[in-house]
Amino acid sequence: MRLSESARVVFDVLAGTGTATRPQLAAGAGLSKPTVSSAVAELEAVELAAHSGRAFGGTGRSAAIYRLGPAAGAVLAVDLGPAVTRVRGCALDGTLLAEGTGSRPEAADTVRKVLDALPAGAPLRAVVVAVGDVPIRDRAGERPATAKAGPVFDAMAVALPEGVPVHLENNVNCAALAELHEGAAVGRDTFGYLRIGVGIGLAVVIGGRVLRGANGAAGEVARLPYPWDDDRAPRHEGLEQRMGSRTLLRRAAEAWQDGDGPRPRTAERLLALAGQGHATAGAVVASHAADVGRLAAAVAAVLDPGLIVLGGGTGADPQLLPGVRAELARLSWPTEVVSSVVGDTGTVAGASRLAVAHGIQTVTGAVRAKH
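Residues numbered from 1 in each chain as written. Predicted model: local features only at pLDDT ≥ 70, side-chain atom pairs only at ≥ 80, totals over all residues. Heavy atoms only, no water.

- As named in an unreviewed UniProt entry, the chain is Putative NBD/HSP70 family sugar kinase, taken from Streptomyces caelestis.
- Recorded in UniProt for the chain, the comment headed Sequence similarities (unreviewed entry) runs: "Belongs to the ROK (NagC/XylR) family." (UniProt positions renumbered as here; feature names shortened; annotations may be inferred.)

Structure follows, in structure tokens:
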């Protein structure tokens, strides 16, 4: 059956609040109490809403409390990272139901384990997969794919139930949503999220919404022409090659002296040494911060976001802040720069929010009665 317009609105409000009384639903939906009563009855009939006790006021009067019903179902969020896969299953009110972590080759098994941990009989309404690439569709237009994540996505997709809508989203965009709602950009509806790690990427949030662009590729700063001078022609993704952690470690190796001790093999170790006062490590990190500051200046010149959040395995380290801020101030107008606070789980957290939104849309679009 299809839900009435009032039932769709009330379901959306109930999903956003988790629990609510009829007066609260009426206020949130902007509908009359009789209309809400009718909508709640409609939702209860198809088990999209359920009675959840009573609330008592100061006058002794009580009101029925409602929550999402068992037919509302669940959604799945998958962060298909370069090394680690993180999966979360959530109810449509955002409540975490199950989660799991595994290596990238174990993506399908991790998805299965989380699906098995979801409440029995709960329909899966939507899946969002965060990938480190621009989401595209295959030539036949039959399934989502990406150039980099295609084979791994295909292996993981086998674990998903048939017929469930699957949405791909760029992982940087997902992380930016986490910063917007629970991270360094709370209270700011316009900002740039600049991820610096193995690769580089930018998410642009304007008016509380992620800017995706005509091709879904807004923020692909890896494609900025680099180098750009008379003697050298720009290379494909040359800027990412310049600023990625692999090049950072190569520059550290070139700068390392005989008396500097063991050469760092990871960006995390290089940053740790810099934090401990290691002179060569500190100089390499300072140079990297200046590079990030120049990229931030380019972002500010085009977007004037007012705030830039630095994330990623390298970018989120607070040691970069002074150098980034100084170079940005030298090259552009005042722009606030802060470090990410959502950590490694930011991408799956943002993907969960998108999955919930898609799941609600799935339910309110068309619902079949339980047989």
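### With respect to the overall build of the chain
- Within the chain, the regular secondary structure consists of 12 helices and 15 strands.
- Each principal axis of the C-alpha distribution contributes one length, and for the chain these read about 75 × 45 × 40 Å.
- Counting every position in the chain, which comprises 371 residues, the buried fraction comes to 49%.
- Counted over contacts in the chain with a minimum sequence separation of 6, partners at least 24 positions apart contribute 60%.
- When the accessible area of the chain is evaluated, it comes to approximately 17,800 Å², of which 52% is carbon and sulfur surface.
- Within the chain, the 36 negative side-chain charges are centred at a point lying 4 Å from the centre of the 37 positive side-chain charges. (Helix = DSSP H or I, 4+ residues; strand = E, 2+ residues; numbered from the N terminus. Buried < 20%, exposed > 50% of the residue type's maximum accessible area, 1.4 Å probe, protein only. Contact = heavy atoms within 4.5 Å. Areas by Shrake-Rupley, 256 points an atom, 1.4 Å probe, with all protein chains shown as cover. Lys, Arg positive; Asp, Glu negative; His and termini not counted. Charge placed at Lys NZ, Arg CZ, Asp CG, Glu CD.)

### Considering the sheet that holds strand β15 (residues 336-339)
- Across the sheet, five strands lie side by side as β13-β12-β11-β14-β15; this open sheet has mixed pairing. Every interior strand has two partners, whereas the edge strands, β13 (209-210) and β15, have only one.
- Pairing of strand β11 (residues 191-196) with strand β12 (residues 200-206), which is carried by six bridges, proceeds in the antiparallel orientation. The partner of I196 across the bridge, within β12, is I200. (Pairing = 2+ DSSP bridges.)

### Observations concerning the packing of helix α1 (residues 5-17) against helix α2 (residues 22-29)
- Interhelical geometry of α1 versus α2 gives an angle of 110° and a closest axis separation of 9 Å. Classed by the angle they form, the pair α1 and α2 counts as roughly perpendicular. Of the residues in α2, those touching α1 at V9, V10, V13 and L14 are L25, G28 and A29.
- Tallied by class, the residues present in the contact of α1 with α2 amount to six nonpolar, one polar and no charged. (Axes fitted to C-alpha atoms, helices over the stretch in contact; angles between N-to-C directions. Parallel < 35°, antiparallel > 145°, perpendicular 65-115°, else oblique. Nonpolar A, V, L, I, M, F, W, Y, C, P; charged D, E, K, R; others polar.)

### Considering the pattern of salt bridges
- Applying the stated criterion across every chain, the model contains 14 salt bridges.
- Note that D109 and R112 form a salt bridge whose closest N and O atoms lie 3.1 Å from each other. Residue D109 and its partner R112 are located together in helix α4 (residues 107-117), separated by three residues, close to a single helical turn.
- Salt bridges linked by common partners bring R242, R251, D291, R294, E327 and R330 together as one network. (Salt bridge = Lys/Arg side-chain N within 4 Å of Asp/Glu carboxyl O.)

### Considerations on the pairing of β11
- Counting buried residues along β11, six of its six residues qualify, which places the element largely inside the surrounding structure.
- Side-chain alternation along β11 places F191, Y193 and R195 on one buried face and G192, L194 and I196 on a second face that is also buried.
- From the end of β11 to the start of β12, which pair antiparallel, there are three residues.

### Topic: the layout of surface pockets
- Approximately 1,400 Å³ is the volume found for the largest pocket.
- Lining the largest pocket are 46 residues; nearest its centre among them are P82, N171, R195, V198 and G199.
- Elements with a minimum of two residues in the lining of the largest pocket: β4 (74-80), β5 (84-91), α6 (171-182), β11, β12, α7 (238-243), α8 (245-255) and α9 (267-275).
- Top element by residues in the lining of the largest pocket is α8. It accounts for four residues.
- Its residues assigned to classes, the lining of the largest pocket comprises 14 nonpolar, 19 polar and 13 charged. (1 Å grid on protein atoms, 1.4 Å probe; cavity = no way out; pocket = protein on both sides within 12 Å on 5 of 7 lines; lining within 4 Å. Points joined across faces, edges and corners; volume = space filled by probe spheres on them.)

### Structural notes on unusual backbone geometry
- The omega torsion of the bond from Y226 to P227 falls at -10°, within 30 degrees of zero and hence cis.
- Mapped onto the elements of the fold, P227 is located in the loop between β13 and α7.
- A positive phi is found at E47, a non-glycine position, where the angle reads about 60°.
- Along the chain, E47 turns up in the loop between α3 (33-45) and β2 (49-56).
- Judged by relative accessible area, which is 29%, E47 ranks as partly exposed.

### Notes on the domain arrangement of the chain
- Here the domain parsing of the chain yields domain 1 (5-71), domain 2 (73-171 + 347-364) and domain 3 (184-341).
- Between domain 2 and domain 3, the C-alpha centre-to-centre distance is 28 Å.
- Residue-level contacts link six residues of domain 2 with six residues of domain 3.
- Taking both sides of the interface into account, the surface hidden between domain 2 and domain 3 amounts to around 510 Å²; carbon and sulfur atoms contribute 31%.
- Connecting domain 2 to domain 3 are one salt bridge.
- In this structure, R212 engages E169 in a salt bridge whose closest nitrogen and oxygen atoms are separated by 2.6 Å.
- Seen at the junction of domain 2 and domain 3, the total is two residue pairs in polar contact (both at pLDDT 80 or more).
- Of all the secondary-structure elements, those providing two or more residues to the side of domain 2 that touches domain 3 are β10 (166-170) and α12 (346-365). (Domains from an automatic or database assignment. Buried area = accessible area lost by both parts, 1.4 Å probe. Polar contact = N/O pair within 3.5 Å; in protein donor to acceptor, adjacent residues only side chain to side chain.)

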